[in-house]
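Descriptive analysis of the structure
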Amino acid sequence: MLRKTLWLVCLFAMSHFAFAGSPGERVIYGTDDRLDLYQVQNTRDAALADSTVALIDVKKLTANGDHFDIVADTYGRQNGLCATEPFYAEPAAAFCSGSLVAPDIVITAGHCIKNAKDCAATKFVFNYSVAKAGDYPTTALNANVVGCKDIIARKQESAGSDFSVIRLDRAITNHAPLPINRATDLKVGDKVGVIGHPGGLPAKIAFGDAVVRSNDYPGYFMTNLDTYGGNSGSAVFNATNGLIEGILVRGENDYVYKNGCRVSNICPVDGCRGEDVTKISEVAAMIPDPTRGAPPTPPTRSSRWPSSHLGQR
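Treat the numbers as computed from the prediction; the structure is a model and nothing was measured.

A closer look at the pattern of salt bridges
Taken as a whole and assessed by the stated rule, the structure comprises eleven salt bridges. The partner of D32 in a salt bridge is R34, and the shortest N-O contact between them spans 2.7 Å. Exposure remark for D32: the relative accessible area of 29% places this residue in the partly exposed category. Look at R34 and you get buried, because its relative accessible area is 5%. Residues participating in the shared-partner salt-bridge network are D36, E90 and K204.

Quick word on the environment of A153
Of note, A153 is situated in strand 9 (residues 145-156). Accessibility expressed as a relative area gives 0% for A153, which makes it buried. When the C-alpha positions of A153 and R167 are compared, they lie 9.4 Å apart, and in sequence the two are 14 residues distant.

Remarks on the sheet that holds strand 20 (residues 275-279)
The strands making up a sheet are joined through hydrogen bonds of the backbone, oriented either antiparallel or parallel. With antiparallel pairing, the seven strands of this open sheet are ordered in space as 12-11-15-16-20-14-13. Every other strand in the sheet has two partners, leaving strand 12 (204-206) and strand 13 (212-217) as the edge strands with one partner each. The sheet shows a mean angle of 30 degrees between the axes of neighbouring strands, direction not considered. With four bridges connecting them, strand 16 (residues 244-250) and strand 20 associate as antiparallel partners. Bridge pairing in strand 20 places I247 opposite T278.

Comments concerning the state of the cysteines
Applying the stated criterion across every chain yields a total of four disulfides. Between the sulfur atoms of C96 and its disulfide mate C112 the distance is 2.1 Å. Of note, the bridge from C96 to C112 carries an S-S torsion of about -80 degrees and is left-handed in sense. Pair noted here: C96 is in strand 5 (residues 96-102) and C112 is in the loop between strand 6 (105-108) and helix 4 (116-120), with a separation of 16 residues, a long-range link.

Quick notes on the nonpolar core
Buried together is how nonpolar side chains tend to be arranged in soluble globular proteins. Core analysis: the biggest nonpolar cluster contains 43 residues, and L55, I107, F124, V165, L168, I244 and V283 have the highest contact counts within it. The biggest single contributor to this core is strand 9, with five residues. Setting aside chain neighbours within four positions, we find V165 in contact with I105, V106, I107, D150, I151, I152, A153, V283 and M286.

Brief notes about the pairing of strand 3 (residues 61-64)
As paired elements, strand 3 and strand 4 (residues 67-70) share four bridges and run antiparallel to each other. Along strand 4, the bridge assignment pairs A63 with F68. From the end of strand 3 to the start of strand 4, which pair antiparallel, there are two residues, and G65 there has a positive phi angle of about 70 degrees.

Points about the side chain of T108
Topologically, T108 is positioned in strand 6. Taking relative accessible area as the criterion, T108 reaches 0% and is therefore assigned buried. A polar contact of 2.6 Å, which involves the side chain of T108, links it to the backbone oxygen of S97. With near-sequence residues (within four places) excluded, T108 lies in contact with L55, S97, G98, I113, D162, F163, S164, I166, S232, G233 and I247.

Parameters and conventions
Residues numbered from 1 in each chain as written. Predicted model: local features only at pLDDT ≥ 70, side-chain atom pairs only at ≥ 80, totals over all residues. Heavy atoms only, no water. Salt bridge = Lys/Arg side-chain N within 4 Å of Asp/Glu carboxyl O. Buried < 20%, exposed > 50% of the residue type's maximum accessible area, 1.4 Å probe, protein only. Helix = DSSP H or I, 4+ residues; strand = E, 2+ residues; numbered from the N terminus. Pairing = 2+ DSSP bridges. Axes fitted to C-alpha atoms, helices over the stretch in contact; angles between N-to-C directions. Disulfide = S-S within 2.5 Å. Core = buried A, V, L, I, M, F, W, Y, C linked by side-chain atoms within 4.5 Å. Contact = heavy atoms within 4.5 Å. Polar contact = N/O pair within 3.5 Å; in protein donor to acceptor, adjacent residues only side chain to side chain.

Right, here's the structure in full:
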């Protein structure tokens, strides 16, 4: 989108680079349900957030003894937001989100980790969150930072499923794998929630009034979750039982302009295009079932599903 000043042109260029892996954007439906970790009263939801990961470029992480220093601009400056925007002053280091589903497996969106180069350039960081008001994360313990060993499987469709199943470079022992829903009982109207890193922010937990709008699409369903660029790869949970139902991948535009800066795009609860979520059934066969042992051996790299390029917004 063209603008009249060089500053805005540069801003868009930097914003596109920061979220180059994100096809489509996200938005607020009705009331903003996003909460920082310290604001979450539900112990189950806080526990789910403990196994959520921020995907952070290795260039933003510097080893420093028993931890890594995290370098990040503030959310507001990075995105040219109005100072009234929620979380304006928080750091924004992540470019996508993911979830631990086995001791050495993370699931995310296919457009977040596309190839071996992306794999090598990404660290998965646990506990990138605000556990106390005003105490923003600028470091991560070594135990909470893990690398990408390999892409087990990946698929990316512009109007279908979009996922990457990642093998980590070590097994995780200090965070519990999240259970997935292996049944096919998700219905229109079922309440859902999401945990991830909207706009690259520390983890936001959003369990409000979001529901499944449609479950008729091949490989994905549609919701009205409050999500943004950076939420791509976030686990979408069944609000009733806490099981993962899918992976957030696409949606409505994030922001609109107001008096020379940007503010969140606010839609009616039942309005705008909705947010697309890859069905967990698309990856379930590659995630170990604790009740049944190891999953089948995935296809070889040469025979994995082809991927299509999604247009960037």
